[in-house]
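Spelled out from the first residue to the last, the chains are:
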Amino acid sequence: MKKRTFLKSAAVAAIALSAFGASSLGAAAQEVTLRMHQFLPAQANVPTGVLIPWAEKIGKDSGGRIKVEVFSGMALGGTPPQLMDQARDGVVDIVWTLPGYTPGRFPRVEVFELPFMMTNAEATSRAYWDLFKSDMEAQEFQGIKILATWVHGPGVIHAKGEGVRKLEDMQGKKLRGPTRVINNLLAETGAEPIGMPVPAIPEALSKGVIDATVIPWEVTPSLKIAELVDTHTEFSGDHALYTAAFVLAMNQAKYDSLPDDLKKVIDDNTGADFSAHAGMTQASFDAPGRKIAEGTDNEIVVLDEAEVARWKEVGEKVRDNWFTEMEAKGIDGEALYAKAQELIASYTK
């Protein structure tokens, strides 16, 4: 009798333990680690000011059920132009990159990189998100879940020697540019554009591969640009010479595999407001970057309104050529440009 009672109790305990174990495994299955890959050094402003805080907030808002691991400086291998495919193919879960690093694949994004398009990073990032949702998401980003879209602050020319004080000074200069459209602008000014990702700039400057580069102020400290050039050229007026367009992108299948409550955590921390926040935050680091240059013997050149008007004429040629290129792809570039301009204006304060 005692033996039967013991066996019965053991069976009940086994069933209870089994149920507990299954429940625990189910809970564990709900916990997710997402690997984010990006190209800047870990100490740069975008990782420290935007990406890592975002990863931490995702962890907090999910009650620790999502862990986002941020891998900087291409630590997981590959090159910056391969980041978008790493996200699409599931090599990593999330990437931060420029669609323009893969020329021709995301032509509609280029509208925001056209000369003198941008007013400020916050307004332009909001406009970029709106246009992404209406005219880019279904057309160009199948298989990738775009979490945010943003741009950096005004592009600046950083050059060795006397640098750039007028349009003619661009003639023959070997000048690094980030994307196809911006390189087209540099070529139209008479420069010799050399496309390369941001991490390659310091070595290219130090070895004389390039004479100058265009990048915003915010990234100059992490690359020690002020130590490698002599002049920095800014443009007066309400519109920047150029900006570059970024995306925070996630593997679509990975996103789809999340339970609804964890999808909501991702959704609540991405989209229009986060895009605007990211653009504004990135641009907020421009002033500290400029201050470092002010503390050197370098010269900061600010082109006046009359000189900028000459550059805008060149910019119009680049824009018109882009319209023609888009028409050949079956895209109404003029309509896209007008829509982007209207959206930027609506958000510019």
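Right above here is the structure, for reference.
Presented here is a report on the structure given in the accompanying data block. Computed from a predicted structure; not experimentally measured.

### Overview of the environment of Val209
- Its location among the elements puts Val209 in the loop between α7 (201-206) and β8 (212-215).
- Residue class for Val209 comes out partly exposed when judged on its relative accessible area of 41%.
- Taking the C-alpha atoms as reference points, Val209 and Ile300, separated by 91 residues in sequence, lie 23 Å from one another.
- Residues within four places of Val209 in sequence aside, it is in contact with Lys174, Ile194 and Ala204.

### Points about the nonpolar core
- Counting 103 residues, the largest nonpolar core has Phe39, Val111, Trp150, Leu248 and Trp311 as the members making the most contacts within it.
- Per element, the largest residue contribution to this core is seven residues, and it comes from helix α13 (residues 305-328).
- Residues within four places of Val111 in sequence aside, it is in contact with Met117, Leu131, Met136, Trp322, Leu336, Tyr337 and Ala340.

### Side note on the environment of Trp129
- One can find Trp129 in helix α4 (residues 121-135).
- Residues Trp129 and Gly172, spaced 43 residues apart in sequence, show a C-alpha to C-alpha distance of 37 Å.
- Contacts of Trp129, omitting those with residues within four sequence positions, involve Ile146, Leu147, Ala148, Thr149, Gly271, Ala272 and Ser275.

### A look at the pairing of strand β2 (residues 66-71)
- Inspection of the sheet shows strand β1 (residues 32-38) paired to β2 by six bridges, in the parallel sense. Of the residues in β2, the one forming a bridge with Met36 is Val70.
- For the handedness criterion, the β-α-β arrangement of β1, helix α2 (residues 45-61) and β2 is classed as right-handed.

### Structural notes on the packing of α2 against helix α11 (residues 272-284)
- Taken N-terminus to C-terminus, the directions of α2 and α11 make an angle of 155°; their axes are 9 Å apart at the nearest point. Classed by the angle they form, the pair α2 and α11 counts as roughly antiparallel. As for how α2 packs across α11, the hand of that crossing is right-handed. Contacts from Val46, Gly49, Val50 and Trp54 in α2 reach Phe274, Ala278, Thr281 and Gln282 in α11.

### A word on the pattern of salt bridges
- Under the defined criterion, the tally for this structure stands at 20 salt bridges.
- A salt bridge links Arg105 to Asp85, with the nearest nitrogen and oxygen atoms 3.0 Å apart. Of this pair, Arg105 sits in the loop between β3 (94-97) and α4 while Asp85 sits in helix α3 (residues 83-89), and the two are 20 residues apart along the sequence.
- For Asp85, a relative accessible area of 29% translates into the label partly exposed.
- Between Asp273 and Arg126 there is a salt bridge, with the nearest N and O atoms lying 3.1 Å from each other. With a gap of 147 residues between them, Asp273 in helix α11 and Arg126 in helix α4 connect regions that are remote in the sequence.
- For Asp273, a relative accessible area of 53% puts it in the exposed group.
- Each of Glu110, Arg180 and Glu325 takes part in a single network of salt bridges with overlapping partners.

### Focus on the sheet that holds β1
- An order of β2-β1-β3-β10-β4 is seen for the five strands of this open sheet, with the pairing classed as mixed. The sheet terminates laterally at β2 and β4 (144-151), the two strands that pair on one side only. Recorded for the sheet is a direction-independent mean angle of 20° between the axes of neighbouring strands.
- Contacts from α4 reach β4 and β10 (245-251) within the one sheet, and its direction differs from that of β4 by about 150°.
- On top of the sheet, helix α10 (residues 260-268) reaches β1, β2 and β4; it is set at about 45° to β2, its chief contact.

Conventions we followed
- Residues numbered from 1 in each chain as written.
- Predicted model: local features only at pLDDT ≥ 70, side-chain atom pairs only at ≥ 80, totals over all residues.
- Heavy atoms only, no water.
- Helix = DSSP H or I, 4+ residues; strand = E, 2+ residues; numbered from the N terminus.
- Buried < 20%, exposed > 50% of the residue type's maximum accessible area, 1.4 Å probe, protein only.
- Contact = heavy atoms within 4.5 Å.
- Core = buried A, V, L, I, M, F, W, Y, C linked by side-chain atoms within 4.5 Å.
- Pairing = 2+ DSSP bridges.
- Right-handed = clockwise from strand over helix to strand, strands pointing away.
- Axes fitted to C-alpha atoms, helices over the stretch in contact; angles between N-to-C directions.
- Parallel < 35°, antiparallel > 145°, perpendicular 65-115°, else oblique.
- Left-handed = near helix turned anticlockwise from the far one by under 90°.
- Salt bridge = Lys/Arg side-chain N within 4 Å of Asp/Glu carboxyl O.

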